[in-house]
Amino acid sequence: MAAISEQWPEIEKAEKEKRRELVFQGPAVDDKLRACGGQLPPALFSLSLLNYLEVSGCPELRELGDGVGRLSHVQSLVLCRNKLQRIPPALGELRALRVLDVSGNELEELPAEIAQLSDLCTLNVSCNRLRELPAGLERCTKIAGLNLSKNCITEFPPGFLCSQLALLASISAADNRIQELGEEIGLLQGLKSLDLSNNQLTDIPCELADCSKLKEINFTGNKLKDKRLEKMVNGCQTKSVLDYLRVGGRGGGKGKKTENAVKEDVKDKKKKRERKPKKDNGGDEDDPDEELNKMMLKILHISENSSPLIVKASASTKDVRQYIVCCVVRGMNLKPGNALKRFLAAQVILVDL
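Residues numbered from 1 in each chain as written. Predicted model: local features only at pLDDT ≥ 70, side-chain atom pairs only at ≥ 80, totals over all residues. Heavy atoms only, no water.

The chain carries the name Leucine-rich repeat-containing 47 in an unreviewed UniProt entry, which gives Pelobates cultripes as its organism.

Here is the structure:
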């Protein structure tokens, strides 16, 4: 224990002070990890009161150690930007765990025991070498955020996209090798953000439009069969893409109402454009005289003011306007339409003339 206390004084201090949080970061920790063979010291796992543990930015950390299962109160475990090659099955014993971040490591697989983390809310495994996700993740019913970006994953595990994950709001799976997004995606009623950019998708299921809370999607970098849809995902808003999917896309599909529905939508939009009043800035941009006439004001009466008005202009004003013309206008209603806008524009035109 003496050797450990000399090498890891933070652990001894955390035990004496009954600390709830402990953070190890950067190169200063690497020398200690090297002396421990690339593993965290067993003494660390005796700190049963910890609810937050972070070890990040330590290239010498290669193994977590089976003793991690003794940290029964840990709610957040952050192990990002290390060189972890393995996560022990004992991780599944952390039943209080809510946040697990193992991004930026060298993991090729995750233990199946992760599915036992029933309170898990956030899982970040991005920037690793994962080829698949463990089966049974749908049992983590409280999960709200899932980040799988920059791995080698080819598909979501069977049964993962299901109605049990009602709280799942964000899925980031960009830069993988996912070839298919199943129609079960429509069962994720809480989904708000979906990023599947730079994968190997050829289709987007119409059922995606059933995700009523979906506000942000990204499918760029996929070679879709429907070229019109491919063009839309590269340049259109989420609503436009979902509307296109909702009516079955170009090839028809869901509900078989596609062709008639699309034609009706086109007719409705055309009618709305025809009913829409012309803007005040004019219809014929090629006729400047007509545009100028719209901006002109007709002066019907000028009354003499017995008490002259005094306008004071600072010297710096002369650099902007050499001449100033003023008037007092009363009894004019500026509320209807764009009357105020016209009045202000007319002043500028009159002065510039």
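*Asks:* When you look at the packing of helix H4 (residues 227-235) against helix H5 (residues 238-246) in this model, what are you seeing that I'm missing?
*Replies:* Packed helices, taken two at a time, are described by the angle their axes make and the gap between the axes. For the pair H4 and H5, the least separation of the axes is 9 Å and the interaxial angle reads 155 degrees. Viewed along their axes, H4 and H5 adopt a mutual orientation that is roughly antiparallel. Between H4 and H5 the crossing geometry is left-handed. The segment H4 lies against H5, with Arg 228, Leu 229, Met 232 and Val 233 engaging Ser 240, Val 241, Tyr 244 and Leu 245. (Axes fitted to C-alpha atoms, helices over the stretch in contact; angles between N-to-C directions. Helix = DSSP H or I, 4+ residues; strand = E, 2+ residues; numbered from the N terminus. Parallel < 35°, antiparallel > 145°, perpendicular 65-115°, else oblique. Left-handed = near helix turned anticlockwise from the far one by under 90°. Contact = heavy atoms within 4.5 Å.)

*Asks:* How should the nonpolar core be read in this particular structure?
*Replies:* Taken as a class, soluble globular proteins show a tendency for nonpolar side chains to be buried jointly. Leu 44, Leu 77, Phe 156, Leu 194, Leu 208 and Phe 219 are the most contacted members of the largest nonpolar core, which totals 77 residues. Broken down by element, this core gets its largest block of residues, 4 residues, from H5. Aside from chain neighbours lying at most four places away, what touches Leu 208 is Ile 185, Leu 194, Leu 214, Phe 219, Leu 242 and Leu 245. (Core = buried A, V, L, I, M, F, W, Y, C linked by side-chain atoms within 4.5 Å. Buried < 20%, exposed > 50% of the residue type's maximum accessible area, 1.4 Å probe, protein only.)

*Asks:* Would you take a moment to explain the packing of aromatic side chains for this structure?
*Replies:* How two aromatic rings sit relative to each other is given by the distance of their centres and the angle of their planes. Applying the stated criterion across every chain yields a total of 2 aromatic pairs. Summarising the aromatic geometry, the rings of Phe 156 and Phe 160 are spaced 6.1 Å apart at their centres and angled 15 degrees between planes, so their arrangement reads as stacked. As far as the burial class goes, Phe 156 and Phe 160 line up, both buried. Above the ring of Trp 8, the side-chain terminus of Lys 32 is found at 5.5 Å from the ring centroid. (Phe/Tyr/Trp six-rings, centres within 6.5 Å; stacked < 30°, edge-to-face > 60°. Lys NZ or Arg CZ within 6 Å of the ring centre and 35° of its normal.)

*Asks:* Would you take a moment to explain the pattern of salt bridges for this structure?
*Replies:* Side-chain pairs of opposite charge can arise where the charged atoms are in close proximity. All told, the structure shown has 13 salt bridges when counted by the stated rule. Salt-bridge contacts for Arg 129 lead to Glu 106; the nearest nitrogen and oxygen are separated by 3.9 Å. One end of the pair, Arg 129, is in the loop between strand S5 (122-124) and strand S6 (145-147); the other, Glu 106, is in the loop between strand S4 (99-101) and S5, and 23 residues separate them in sequence. Residue Glu 106 is classed as buried on the basis of its relative accessible area of 16%. (Salt bridge = Lys/Arg side-chain N within 4 Å of Asp/Glu carboxyl O.)

*Asks:* Please explain the state of the cysteines as it appears in this structure.
*Replies:* Working definition of a disulfide: a covalent bond connecting the sulfur atoms of two cysteines. Taken as a whole, this structure holds 0 disulfides when the rule is applied. Here Cys 80 stays free of any disulfide, with the sulfur of Cys 58 as its closest cysteine sulfur at 9.4 Å. (Disulfide = S-S within 2.5 Å.)

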